Structures are given as C-alpha cells and as structure tokens.
Amino acid sequence: MKTVIPVELPQTQYDIKIATDGLQYLGPWLAAAGKAGKVLLVSNPAIFQHYGETALTSLTEAGFEVSQCVLPAGEQYKTLQSIEKIHSVAFDHHLERSSTMVALGGGVIGDMTGFAAATWLRGIAVVQVPTSLLAMVDAAIGGKTGVNHPQGKNLIGAFHQPSLVLIDPSVLSTLPEREFRAGMAEVIKYGIIWHEGLFHQLEQAERLDQLCFVSEALLHDILKHSCQAKADVVSQDEKEAGLRAILNYGHTIGHAIESLTGYKSVNHGEAVGIGMVAAGAIATTMDLWPQTATDRQLAIIQKTNLPTKLPATLNIDAILNALRSDKKVKSGKVRFVLPKRIGEACVTDQVTDDVIRSVLETMF
C-alpha cells in the first residue's frame, strides 16, 4: 500500500509518503524532492542497527554524500548538549546551506534533528523518517522541533517544516510493545478532536495494545487518517496561532506528568493517555460533553492498555504548579483542550484549579 498526503502551507509544500518497505527508496525520493549534495543522517543506536544500513545504502546509491551522527536514545538526552553534538558533526563534514539532515528514529530524534537543522547556518533542509508509531502519526509532521529545559518539556525550539516525511510501516515490526501503545495515544487523540470515523474504527477493533493484533488494513487507515488530520490542522494554522492548539489534547496534564517524573518512569504516550482521561473528565464536569463520551474514550484507552491513573509518587499541588509553567499558558492562565463531542474539541482558559483538583483526586 502507498498513500501520499500533501501538506500545503503558505510558504512551502511537502509530502507525507506512507509506503510499506519505503525506506529503501529514501534516496530516490529525497532526490525527487529536489535535494542533492551532502546529507547528515541522525539516529540512535538501536534504530541505526536495524535500519541504518538500508538508509545509508539508499542515499549513497542515489548520489548523496552521507555522514552520520548516532545519539543515545531517550527523552533525557533531548537537550541542547545533543544539539551541539549534531552541529559538531555538521561542522566536521562541512554541511552547507544546500545540505540536508535526515532524522531516522522516533520523536526524540526527529525533534532534535529538526531543531539542529533549523539552527545550522540559520536553517537547512530536514527530512523526517519516523520509526515509531508516535512519530509517524504526530511528531514527524508539522514542523515543531526542539529540546527540553530542566523546568519543562519542549520549551526550547523552532518551527521548521520538513522537506519530506517518509513513513514505512514495516519498521514498526521492531518497535517495543510499550512504544506501540504510546503511539496509539496520539491516534486516539485524533479520533477525539478531529476524525469521528477513526474513533469508530478504534472502538470496533478487538485489541489495540500490540501491533500483531492490528490488521495491515487497519494500520494503514490509522496512519492515513492520523497523518491527514495532522496535515489538515497544520495547513490551517502552521504556528499554533489558533486551531493547531487542539493537537495538544491530553498534553497539558500529560507534559506535567512527564516533567515531574523526570521523563523516565512515564513515557510521552502514557502521559498523554492519562492526560486525555483527565481532560475528558474535566469536560464532563464542565458540562461540555456527556459522561457516556468520557466512558467511550476511557474504554478505548483501556483497550490500548495505556495507564489511566496518575503515578502514586505525584501530588496535586506539584501538578498544578507544573501546569503554570506550561508553554501554552497565556496571560497567566492555563489553556486546556477539551472535547465537545467525538470529532470536535475546543480550547479554553476557564478551567479552575478547583475543577482540576477535583478530577485529579479521583485519578490516583
């Protein structure tokens, strides 16, 4: 199966290519996107071991002069120090303004490579080749790049759109089960905020917790509908001036959980899953949507075997303090994305601490 989804923006246009075994065509497709010359491939050890040779061979045979930078895996390495390492390799191999960085990995590698490309020589091209479900449906699309600050997630970054996003579903065969579940959190998000049909497909699936229980056809629909949803939103609001904020559904409390647990015990998708449970309950408390919708959302999250309770090590005051440091705070008010119905969400700053506290107290 092959699907091409165009992302149309005011200043640029690029394609999301979804193709089984597509990694072997990375070089020709990069050349077809108008790129030539030097390429810096950025990855982590596990991904490079599995797929680095295929990517390097494809790029080299297509005529690119390729160098590589392999960084440690993990959210804790998503720092300015890692960006400096990428820049050092770029310097050593004389990357020019016509050169390209290629991110081969999950969301961490994609975010860092994108930010390194945005800031090398004031901006060179980047191509995203996501290898995790989460990166395929979310992180690789839309141009958000960056690293974490000790006080919060993704506080340092830039908008820098890719020249191409290449999604090869076959690489998910080596993805750990926990990371597959993490990616499903973002898929569920799209069903809630944008694509009611996708939500119904997820409801009808018997199991969503492991790749082996998801048919090839359903996986293709998951990727296609999720990527299309992200492309639709980003095309209408590239730099989150309005509509794009709905993509943060589940992320407000989710980011607080990640930060407070040191990005170690709870991964991004797990935190978003918990955040969606909280956001759904808040929406019900505020009479934005019915309890039946909250229950339907919870059932899908449970089907994915994602956590739905807060870590016992956290406390509510710490979460409320972390929320005030969130990058989505405006005029001192925390902005929440809340569902209005399956397939539609809104952004509001009218969620009081009392409402947040009453919901979180039920989630330990």
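Residues numbered from 1 in each chain as written. Predicted model: local features only at pLDDT ≥ 70, side-chain atom pairs only at ≥ 80, totals over all residues. Heavy atoms only, no water.

The next thing to look at is helix H4 (residues 107-119). In this model H4 runs 18 Å from its N-terminal to its C-terminal C-alpha over 13 residues, within 8% of the 18 Å that 1.5 Å per residue would give. A large share of H4 lies buried, amounting to 12 of its 13 residues. Among the residues making up H4, those that are buried are Gly-107, Val-108, Ile-109, Gly-110, Asp-111, Met-112, Thr-113, Gly-114, Phe-115, Ala-116, Ala-117 and Ala-118. Backbone geometry just downstream of H4 places Leu-121 in the positive-phi region, at approximately 55°. (Helix = DSSP H or I, 4+ residues; strand = E, 2+ residues; numbered from the N terminus. Expected span 1.5 Å × (residues − 1). Buried < 20%, exposed > 50% of the residue type's maximum accessible area, 1.4 Å probe, protein only.)

Before going further, it helps to spend a moment on the UniProt feature "binding site: NAD(+)" (unreviewed entry) in the protein. With numbering matched to this structure, UniProt assigns "binding site: NAD(+)" (unreviewed entry) to Gly-107, Val-108, Ile-109, Gly-110, Asp-111, Thr-131, Ser-132, Lys-144 and Lys-153. When you line up the elements, Val-108 lands in helix H4. Setting aside residues up to four positions removed in sequence, Val-108 forms contacts with Gly-74, Glu-75 and Lys-78. With respect to the secondary-structure elements, Gly-110 resides in helix H4. Residues in contact with Gly-110, not counting those within four places in the same chain, are Ala-103 and Gln-128. (UniProt positions renumbered as here; feature names shortened; annotations may be inferred. Contact = heavy atoms within 4.5 Å.)

So, on to the sheet that holds strand E3 (residues 38-43). Reading across the sheet, the seven strands line up as E1-E2-E9-E6-E5-E3-E4 and stay open at both edges, with mixed pairing between neighbours. Sheet topology places strand E1 (2-8) and strand E4 (65-70) at the edges, where each strand pairs with a single neighbour. The average undirected angle you get between the axes of adjacent strands in this sheet is 15°. Relative to strand E9 (residues 164-167), strand E2 (residues 13-19) runs parallel, the two sharing four bridges. The residue bridging Ile-18 from the neighbouring strand is Ile-167, located in E9. (Pairing = 2+ DSSP bridges. Axes fitted to C-alpha atoms, helices over the stretch in contact; angles between N-to-C directions.)

Ile-16, Leu-26, Leu-202, Ile-282, Leu-323, Phe-336 and Leu-360 are the most contacted members of the largest nonpolar core, which totals 98 residues. Split by domain, the residues of this core number at least three in each of domain 1 (2-174) and domain 2 (177-361). If near-sequence neighbours (up to four positions away) are discounted, Ile-16 is found in contact with Thr-3, Val-4, Ile-5, Val-7, Ile-141, Val-165, Ile-167, Cys-227 and Ala-231. In terms of nonpolar packing, the next biggest core, distinct from the first, is built from 21 residues, Val-42, Leu-71, Phe-115 and Val-147 among them. (Core = buried A, V, L, I, M, F, W, Y, C linked by side-chain atoms within 4.5 Å. Domains from an automatic or database assignment.)

To continue, consider the domain arrangement of the protein. When cut into domains, the protein gives domain 1 (2-174) and domain 2 (177-361). Placing the centre of domain 1 and that of domain 2 at their C-alpha centroids yields a distance of 25 Å. Between domain 1 and domain 2, the contact holds 36 residues from the first and 35 residues from the second. For the pair domain 1 and domain 2, the summed buried area comes to about 2,900 Å², and 67% of that belongs to carbon and sulfur atoms. Summed over the shared surface of domain 1 and domain 2, the number is four salt bridges. A salt bridge links Lys-153 to Glu-258, with the shortest nitrogen-to-oxygen separation between them at 3.4 Å. Summed over the shared surface of domain 1 and domain 2, the number is 12 residue pairs in polar contact (both at pLDDT 80 or more). In terms of residue class, the side of domain 1 that touches domain 2 is made up of 18 nonpolar, 12 polar and six charged. (Buried area = accessible area lost by both parts, 1.4 Å probe. Salt bridge = Lys/Arg side-chain N within 4 Å of Asp/Glu carboxyl O. Polar contact = N/O pair within 3.5 Å; in protein donor to acceptor, adjacent residues only side chain to side chain. Nonpolar A, V, L, I, M, F, W, Y, C, P; charged D, E, K, R; others polar.)

Attention now moves to the side chain of Lys-153. Within the secondary structure layout, Lys-153 lies in strand E8 (residues 152-159). Within the local environment of Lys-153, its side chain forms a polar contact with the side chain of Glu-75, the two groups lying 2.7 Å apart. Here the side chain of Lys-153 touches Glu-258 through a polar contact of 3.4 Å, side chain to side chain.

Take unusual backbone geometry next. Although it is not a glycine, His-94 adopts a positive phi angle of roughly 60°. The residue His-94 is located in the loop between helix H3 (80-92) and strand E5 (100-105) in this model. Given the relative accessible area of 56%, His-94 is considered exposed. We note that Asn-154 has phi near 55°; this positive angle belongs to a residue other than glycine. As for its placement among the helices and strands, Asn-154 is situated in strand E8.

To continue, consider the packing of helix H12 (residues 316-323) against helix H13 (residues 353-360). The packing of two helices is summarised by the inter-axis angle and the distance between the axes. Two elements in contact, H12 and H13, have axes whose closest approach is 11 Å; the angle formed by their N-to-C orientations is 135°. In terms of axis orientation, H12 runs oblique to H13. Every pair of crossing elements has a handedness; the one defined by H12 and H13 is right-handed. Contacts between H12 and H13 pair Ile-316, Asp-317, Ile-319, Leu-320 and Leu-323 from the former with Asp-353, Ile-356, Arg-357 and Leu-360 from the latter. A per-class count over the contact of H12 with H13 returns six nonpolar, no polar and three charged. (Parallel < 35°, antiparallel > 145°, perpendicular 65-115°, else oblique. Left-handed = near helix turned anticlockwise from the far one by under 90°.)

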